[in-house]
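As a plain string of letters, each chain reads:
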Amino acid sequence: MSQSMMSVSSLNTKIKSLLEATFMHTMVEGEVASATYHTSGHLYFSIKDDKSSIKCVMWRSSVAKMKFRIEKGMHIVVEGSVSVYTPRGEYQFQTVRIEPYGQGALALAYEQLKEKLKEKGYFDAQRKKPMPKHIQKIALVTAKESAALYDMLKIIEKRWAMVEVTIVDTLVQGDTAGQQIARSLAYADTLGVDVVVVGRGGGSAEDLWSFNEEVVADAIFSMKTPVVSAVGHEVDVMISDFVADLRAPTPSAAIEMILPDMQEILYTLTILENRYQERVNILVQSYIDILKHSEEILFHSSPSRKLIDIEEKFIRHKDEFSRLIAYKIERYSTEIPSLVKQYKDTITFSIDKKVQYLMFLQQKIEMNNPKNQCVKGWAQISIDGKTEELSAIKVNQKFVLEDAFTHVEAVCISQHKL
């Protein structure tokens, strides 16, 4: 056997040593041909150019540090080393870092998450909660010793010092900051405050990245309390700004946007107080005038006043009647004797006339008295209550004879005409 001959394992081992020693800390650029995020957390993918391709792997610890997800067709730059799996004689590129080609990883991750959350409805205007008009309690979710907190407290003291402030201390920078911000927001949501302000001061894209993490967006989206996102400076637009109910360009601006200015309110109250006082004075004077008028009406309409008027009117009528009676008595006193004689004559004449008429009636009564009209020997004949002629009586028929003094019932024995 030739001394240059070796086993398959030996060959693969030598190739492994050669490749891994030669291609360490290598950067390769290409297009993603396939990508699989395994349930174990590892990433298996391959990249290619127009002539060939290579298999790649990124272990879970490195995947966890990535800010974006790779997709098929994406142009990327991978950094790592070549490794060989000796049992099968296969090699692959063991990746430790991936960057988008010609674009920053953070920028790509930002756009990917923004598009994802937009499709989920996190940015919809109709789900955003309105800011309360009257804020009594406020929670500030930020680093306890930060300049942003100092600025916000300073503005609160200046604008509306009576508001109750709760400070929720949290990390705002670093690998674990996103998780802690999310937990702090969930805690702030249980405090019963009117509004929650979350944010920090300015910094680099890496410094501010915690507010671009999906876990923070999820926490803001699920909150029942209105949330204001106030991160960095005006040019810094975070994912938290899109999800929050209100976006403020800076932490200080956030306080100015949600709290009223005490000086402006005092000025407005002074103006309103003056207007109110003027209006009250006008109303008071108006009611005074109405009261005076009512008092005059009441005076003229009061029972005592009416009694006085009636008494005065009665006295006037009494005096007038007395004068009239005296005048009439004086005027007619000379006519009384003649009037008395005339009255007596009229009475005497009337009595004489009535006496004569009475005598006439007595004579007429006497003349019309039935008793005086009866002739001796004559009587009225009736049958069954009806007056009949004597010739109408039949033999054996009963009949009645009546004059003014006597009633006789008789029976006809015989009848003949004379």
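Here the structure is a predicted model, which is why all the values come from computation and not from measurement.

What follows is about the overall build of the protein chain. Each helix and strand in the protein chain was counted, giving 13 helices and 14 strands. Projected onto its principal axes, the C-alpha coordinates of the protein chain cover approximately 210 × 85 × 35 Å. Long-range contacts, defined as pairs at least 24 residues apart, comprise 60% of the intrachain contacts of the protein chain with a sequence gap of at least 6. Element-wise, carbon and sulfur atoms account for 57% of the exposed surface of the protein chain, whose accessible area totals about 29,300 Å². In the protein chain, 51 side chains carry a positive charge and 54 a negative one; their mean positions are 7 Å apart.

For the rest of this paragraph, the subject is the environment of Gln-94. Structurally, the position occupied by Gln-94 is in strand β5 (residues 90-100). As a C-alpha pair, Gln-94 and Thr-348 span 254 residues in sequence and 163 Å in three-dimensional space. Aside from chain neighbours lying at most four places away, what touches Gln-94 is Val-57, Trp-59, Glu-79, Gly-80, Ser-81 and Ser-83.

Here we come to the side chain of Arg-159. Note that Arg-159 resides in helix α4 (residues 147-159). No salt bridge is formed by the buried Arg-159. Its closest oppositely charged neighbour is Asp-261, at 4.1 Å. Leave out the neighbours within four places in its chain, and Arg-159 touches Ile-255, Glu-256, Leu-259, Pro-260, Asp-261 and Met-262.

Okay, the confidence of the model for the protein chain next. Of the residues in the protein chain, 96% have a pLDDT of 70 or more, and the chain-wide mean is 87. The secondary structure element of the protein chain with the lowest average pLDDT is helix α13 (residues 370-373), at 61, and the one with the highest is strand β6 (residues 137-142), at 97.

Reading across from one edge, β12-β11-β13-β14 is the order of the four strands in this open sheet, with antiparallel pairing throughout. Two strands close off the open sheet at either side, each with one partner strand: β12 (386-387) and β14 (407-411). By the bridge criterion, three bridges tie strand β11 (residues 380-383) to strand β13 (residues 398-402) in an arrangement that is antiparallel. Bridge assignment links Ser-382 to a residue of β13, and that residue is Val-400.

Moving on, we come to the nonpolar core. Nonpolar side chains in soluble globular proteins tend to be buried together. In terms of nonpolar packing, the biggest core is built from 50 residues, with Phe-45, Ile-70, Ile-76, Ile-98 and Leu-185 touching the most fellow members. Residues in contact with Ile-76, not counting those within four places in the same chain, are Val-28, Glu-29, Gly-30, Val-32, Phe-45, Ile-47, Ile-70, Ile-98, Glu-99, Pro-100 and Tyr-101.

Okay, the packing of helix α10 (residues 262-301) against helix α11 (residues 303-332) next. Where α10 meets α11, the axes come as close as 5 Å, and the angle between the chain directions of the two elements is 45 degrees. With respect to α11, the axis of α10 lies oblique. Together, Phe-299, His-300 and Ser-301 of α10 and Pro-303, Arg-305 and Lys-306 of α11 make up the contact between the two elements.

Attention shifts here to the sheet that holds strand β3 (residues 53-58). Here we have five strands rolled up into a closed barrel, ordered β1-β2-β3-β5-β4, and mixed in their pairing. Taking the axes of each pair of neighbouring strands and ignoring which way they run, one obtains an average angle of 55 degrees across the sheet. One ladder, built from 10 bridges, connects strand β4 (residues 75-85) with β5; its direction is antiparallel. When the sheet's bridge partners are listed, Ile-76 is paired in β5 with Pro-100. Packing against the sheet, helix α1 (residues 8-22) makes contact with β4 and β5, and its axis sits at approximately 145 degrees to β4.

In this section: the packing of aromatic side chains. Using the criterion set out here, one finds three aromatic pairs in the structure. Ring centres of Tyr-122 and Phe-221 lie 4.0 Å apart, and the angle between their planes is 0 degrees; on these two criteria the pair is classed as stacked. In this pair, Tyr-122 sits in the loop between α3 (105-119) and β6 while Phe-221 sits in helix α7 (residues 214-221), placing the two residues 99 residues apart along the sequence. With a relative accessible area of 8%, Tyr-122 lands in the buried category. Its relative accessible area of 30% is what places Phe-221 among the partly exposed residues. Between Phe-123 and Phe-242 the ring centres are 5.2 Å apart and the planes differ by 35 degrees, which places this aromatic pair in the tilted class. Taken together, the positions of Phe-123 in the loop between α3 and β6 and Phe-242 in helix α8 (residues 239-243) put the pair 119 residues apart, joining distant regions of the chain. Owing to a relative accessible area of 25%, Phe-242 belongs among the partly exposed residues under this scheme. In this structure, Arg-69 packs its charged tip against the face of Tyr-37, placed 4.0 Å from the ring centre.

Here the focus is the pattern of salt bridges. With the rule as written, the count across this model stands at eight salt bridges. In this structure, the salt-bridge partner of Arg-97 is Glu-99, at a minimum N-O distance of 3.0 Å. Two residues, Lys-129 and Asp-245, come together in a salt bridge whose shortest N-O distance is 3.3 Å. Residue Lys-129 is found in the loop between α3 and β6, and its partner Asp-245 is found in the loop between α8 and β10 (246-248); the two are separated by 116 residues along the sequence. A single salt-bridge network, built from bridges that share partners, covers Glu-79, Arg-97 and Glu-99.

The rules behind each value
Residues numbered from 1 in each chain as written. Predicted model: local features only at pLDDT ≥ 70, side-chain atom pairs only at ≥ 80, totals over all residues. Heavy atoms only, no water. Helix = DSSP H or I, 4+ residues; strand = E, 2+ residues; numbered from the N terminus. Contact = heavy atoms within 4.5 Å. Areas by Shrake-Rupley, 256 points an atom, 1.4 Å probe, with all protein chains shown as cover. Lys, Arg positive; Asp, Glu negative; His and termini not counted. Charge placed at Lys NZ, Arg CZ, Asp CG, Glu CD. Buried < 20%, exposed > 50% of the residue type's maximum accessible area, 1.4 Å probe, protein only. Salt bridge = Lys/Arg side-chain N within 4 Å of Asp/Glu carboxyl O. pLDDT = per-residue confidence, 0-100. Pairing = 2+ DSSP bridges. Core = buried A, V, L, I, M, F, W, Y, C linked by side-chain atoms within 4.5 Å. Axes fitted to C-alpha atoms, helices over the stretch in contact; angles between N-to-C directions. Parallel < 35°, antiparallel > 145°, perpendicular 65-115°, else oblique. Phe/Tyr/Trp six-rings, centres within 6.5 Å; stacked < 30°, edge-to-face > 60°. Lys NZ or Arg CZ within 6 Å of the ring centre and 35° of its normal.

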